[in-house]
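# Commentary on secondary and tertiary structure
Listed below, chain by chain, are the residues.
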Amino acid sequence: MGELDIEFRSDNNGPPNIGVVVTDPRGRRIGFDPLTKRGWQELPVAQGSIDCDESDDKDTCRGLIEVCGALSGTYKLEIIANAGSNYTLTISARSQEVRDGRDGQHLWSSYSDYDLISIPIRKGSRNFLSVTYSRDPNLRVAAQLQKLRDERYETRSHPNACRSENQSQQECLVMRTTGR
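Here goes a summary of the coordinates provided. (Residues numbered from 1 in each chain as written. Predicted model: local features only at pLDDT ≥ 70, side-chain atom pairs only at ≥ 80, totals over all residues. Heavy atoms only, no water.)

## Here's the deal with the state of the cysteines
Quick note on the threshold: Pairs of cysteine sulfur atoms within 2.5 Å are what we label disulfides. Partly exposed residues are those whose accessible area sits between 20% and 50% of the maximum for their type, while under 20% is buried and over 50% is exposed, using a 1.4 Å probe and protein chains only.
By the definition in use, this model includes one disulfide. Disulfide pairing places Cys 52 opposite Cys 61 at an S-S distance of 2.0 Å. Of note, the bridge from Cys 52 to Cys 61 carries an S-S torsion of about 105° and is right-handed in sense. The buried category is assigned to Cys 61, whose relative accessible area is 4%.

Written out as structure tokens, the structure is:
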């Protein structure tokens, strides 16, 4: 079984100023909308949490949504701002374990990250991302910012944010991908 994790934080002290709702390829949701005060937990093996104990001495907290046994396909992420802020997402994926093709004795899986760094969002706004996940260990997780609901913002460039040769220059402005 594979796993898909979404870690999020905003640039404020205390809990994140954003909520995140994840919809899997079958239309099931997990997450919390801070504007409507509505939460979802429709995925069979998934959990969400806010952690303020492992902060980086800046009095910030991080949110985490973990989907175990993730299905291959496109996931939709909705980022909802309770207050104006910059947010950062780290999307981590682990493939399902498969037997090594050479001897069939060893199990292996792959791991990849996709980061969106310092994305501005206004209070009451919603941003949407599509995340492509596969259980296949030869494929990496990919994400694309679909639509900024608040057109007053422009995407800001982040120096040294792009670490992948297969991304377009526009994506390199705000996204970074790494794999192990």
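From this point, the narrative continues.
## Quick look at the side chain of Ser 92
Going by this rule: Numbered from the N terminus, helices here are DSSP runs of H or I no shorter than four residues, and strands are runs of E no shorter than two. Any pair of N or O atoms that falls within 3.5 Å is considered a polar contact. Within protein, one atom must be able to donate a hydrogen and the other to accept it, and sequence-neighbouring residues count only if both atoms are side-chain atoms. The contact rule is simple, with two residues in contact once any of their heavy atoms fall within 4.5 Å.
On the secondary structure map, Ser 92 appears in strand S8 (residues 85-94). Judged by relative accessible area, Ser 92 falls into the buried class, the value being 11%. In terms of polar contacts, Ser 92 uses its side chain to reach the side chain of Asp 113, at 2.7 Å. Setting aside anything within four residues of it in sequence, one finds Ser 92 in contact with Glu 3, Leu 4, Asp 5, Tyr 111, Ser 112 and Asp 113.

## Some remarks on the environment of Leu 116
Inspection of the secondary structure assignment puts Leu 116 in strand S11 (residues 111-121). Considered as a pair, Leu 116 and Thr 90 are 26 residues apart in the sequence and their alpha carbons are 6.5 Å apart.

## A word on the pattern of salt bridges
Quick reminder of the rule: When a carboxyl oxygen of Asp or Glu is within 4 Å of a side-chain nitrogen of Lys or Arg, the pair counts as a salt bridge.
Inspection of every chain in the model, using the stated rule, returns eight salt bridges. A salt bridge links Arg 126 to Glu 78, with the nearest nitrogen and oxygen atoms 2.8 Å apart. On the criterion of sequence distance, the pair formed by Arg 126 in strand S12 (residues 126-133) and Glu 78 in strand S7 (residues 73-81) is long-range, its members being 48 residues apart. Its relative accessible area of 16% is what places Arg 126 among the buried residues. Salt bridges sharing partners connect three or more residues here, namely Glu 7, Arg 9, Asp 51 and Arg 62.

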